[in-house]
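Architecture and fold: a report
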Amino acid sequence: MTRLNAKDGLVLTVPVVTGHQDFTGDTMTLISLALQRADLVRTQNFIAGQWRDAGLSASYNVSDPATGEQFARVPDSTAADAHDATDAAQNAFEPWRFTPARERAAILKRWHALIVEHSEDLARLMSREQGKPMPESRAEVLYGAAYVEWFAEEAVRTYGDIIPEQVRGRKMMVVLEPVGVVAVITPWNFPLAMIARKLAPALAAGCTVVAKPAEDTPLTALALVRLAENAGVPAGVLNIVTSSRAAAPALVNDWIIDPRVRKVSFTGSTEVGKLLARGSADTLKKLSLELGGNAPFVVFDDADVDAAVEGLVISKFRNSGQTCVCPNRVYVQDAIHDVFSEKLAARMKTMRVGPATRDESQIGPLINERAVEKVERHVKDAVSKGAALLLGGTRVRNDVANGPFYFAPTLLANATADMMLFGEETFGPVVPLFRFATEAEGVRAANDTQFGLASYFYARDVGRISRVAELLQAGIVGINVGAVSTEVAPFGGVKESGYGREGSRRGIEEYMQTKYVCLGSS
Ligand code: NAP
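Here is a short report on the structure shown in this document. Computed from a predicted structure; not experimentally measured.

**Overview of the site of the ligand**
- Not every one of the 33 residues close to the ligand is listed here, only the nearest: Thr-186, Glu-215, Ser-269, Leu-291 and Glu-425.
- Take Thr-186: an N or O atom from its main chain is 2.7 Å from an oxygen atom of the ligand.
- Here an oxygen atom of the ligand sits 3.3 Å away from a polar atom, N or O, in the side chain of Arg-197.
- Expressed as a share of its isolated accessible area of 890 Å², the protein-covered part of the ligand is 91%.
- For the shell around the ligand, the class distribution of residues is 18 nonpolar, nine polar and six charged.

**Digging into the packing of aromatic side chains**
- For the coordinates displayed, the defined rule picks out nine aromatic pairs.
- Between Phe-300 and Phe-436, the aromatic rings sit 5.6 Å apart at their centres with planes inclined by 85°, giving edge-to-face as the arrangement. Residue Phe-300 is found in the loop between strand E14 (295–299) and helix H9 (305–317), and its partner Phe-436 is found in strand E18 (residues 430–436); the two are separated by 136 residues along the sequence. The two residues Phe-300 and Phe-436 agree in class, both being buried.
- Grouped by ring-pair contacts, the aromatic residues Phe-297, Tyr-456 and Tyr-458 constitute a single cluster.
- Looking at Arg-128, its charged tip hangs above the ring of Phe-71, at a distance of 4.2 Å from the centre.
- Between the NZ or CZ atom of Arg-197 and the centre of the ring of Phe-491, over which it lies, the distance is 4.0 Å.

**A word on the sheet that holds E14**
- With mixed pairing, seven strands are arranged side by side in an open sheet as E16-E17-E18-E15-E14-E19-E20. Each edge of the sheet is formed by a strand with only one pairing partner; in this case those strands are strand E16 (388–391) and strand E20 (476–479). Shown here is a sheet whose adjacent strand axes are inclined to one another by a mean of 25°, direction ignored.
- Pairing of strand E17 (residues 410–413) with E18 involves three bridges; the strand directions are parallel. Residue Leu-412 lies in a different strand from E18, and its bridge partner there is Pro-432.
- Against the sheet, helix H10 (residues 334–349) contacts E14, strand E15 (327–333), E16, E17 and E18, and its axis sits at roughly 170° relative to E18.

**A look at the sheet that holds strand E22 (residues 512–519)**
- Within the open sheet, the three strands sit side by side as E7-E8-E22. Their pairing is antiparallel. Either end of the sheet is taken by a strand with one partner, and the two such strands are strand E7 (161–163) and E22. Strand after strand, the sheet turns through a mean of 20° between neighbouring axes, direction not considered.
- Of the strand pairs in this sheet, E7 and strand E8 (residues 171–178) are connected by three bridges, and their pairing is antiparallel. Bridge assignment links Ile-163 to a residue of E8, and that residue is Met-172.

About the cut-offs
Residues numbered from 1 in each chain as written. Predicted model: local features only at pLDDT ≥ 70, side-chain atom pairs only at ≥ 80, totals over all residues. Heavy atoms only, no water. Near = heavy atom within 4 Å. Polar contact = N/O pair within 3.5 Å; in protein donor to acceptor, adjacent residues only side chain to side chain. Areas by Shrake-Rupley, 256 points an atom, 1.4 Å probe, with all protein chains shown as cover. Nonpolar A, V, L, I, M, F, W, Y, C, P; charged D, E, K, R; others polar. Phe/Tyr/Trp six-rings, centres within 6.5 Å; stacked < 30°, edge-to-face > 60°. Helix = DSSP H or I, 4+ residues; strand = E, 2+ residues; numbered from the N terminus. Buried < 20%, exposed > 50% of the residue type's maximum accessible area, 1.4 Å probe, protein only. Lys NZ or Arg CZ within 6 Å of the ring centre and 35° of its normal. Pairing = 2+ DSSP bridges. Axes fitted to C-alpha atoms, helices over the stretch in contact; angles between N-to-C directions. Contact = heavy atoms within 4.5 Å.

Right under this line is the structure:
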């Protein structure tokens, strides 16, 4: 009943399951990813410092996107579990809030050290449930860890103000205080980084947390919480519940309607973000919404074409194109369009599709069948409306990429604004090339979307760089660079990509509220 999958040291011992056969509770313990710390594989909720099953003992399967094989079961939690988590977080709030900032910082620093120490285990877990190649998982673990370290350092710097005396004998102070219990809801595409960059500032600020990771990728988040427990985060300060997609709305709704939850920090689709914003209106919660992107990547005729090709490849194909900041629309100015297209096609032909278990894989599987169907729909629609398919366009299945969710790196030319891929994130390894003639036209086209998360452009003329950077409607602008995310800079969008910023010195204030204290002379 066990299967061995030994490659790249990623050894799995799992019960062999076909179709939708259910595991029994005990078989969950058979999961072994040859991790140095087997106890990082957690398959229970963590509430009030206890690992426990969902109240109704329901559970759901976690699948490996490389094969479609189910390999673990985690709790399928309900509103009652969410409520228990809120009770725990509420009870833990006062003591945590009044824990000196230095002590909170010390716990976060220990957590950071543990994440780094166990980064290989975390990367293996992540690749197993999410599918991304191991180098990407390793990089994501360190990227997520960097937010924990950063906010450990920021915890001791949440300064307020002393206002110069305006009326004799009257002292005026401004203090920042933690908002209270925070609900954290995260997507599957960056299973560690997305949750780390919410938990770290929330805990640093003195908030307590109830969290729900995505259905597809609960194990990395649970492992991260295990390390937080080991670092000494007190019971009730950090609580996490998992659920299937079907159960998520009811579970999250319990937090949305609960007046004790004072803040929702959400990363995910714009559609769900809007639902949460509407629901939060009744209790007027503070919100951070990191939502969908539809990033333009504009290559002007004065660009270094080779650098632009490389920048696009780095930016577009990370995580198989399943990244909120990855270019979705690529605009190339007339004079360099054809040479750019040829060089990009040549570069894309070198990309290797395969599972995380192979060192040479660069494009892993997409997350699930829904994701592949969306990519197929976009490609089919584009071709039916006149796009030229220059590369790819179909699923890949062979001896190496031997699973249902692999999609070939795809290049489309003659893309136009009436195509689905113009208006929505494709979230797959598809590059559509749009042509434009003038600088003004390129900027107009880039901004022609309701989204505004990341944008990129390549140019060398200084005047153009300064004009275009100012005109792009996006929270993040990359100029002559394809990878921009870092804990030291503010990450977030404008327009329907949401509001709030993660990282940077501003990130912690998302979890704090301002109090003005006026002290008269008695
Ligand atoms: P999603 O469907 O919106 O899901 C995100 C989270 O919300 C998951 O935990 C999901 O749980 C939960 N959820 C889904 N429906 C819900 C509902 N009706 N009520 C309450 N919670 C609900 O997004 P996704 O498909 O996981 O992630 C991809 C999207 O995230 C893309 O649009 C991408 O651009 C965006 N994203 C944005 C950023 C950013 O920083 N701006 C970063 C990464 C990703 P289940 O998994 O159980 O459904």
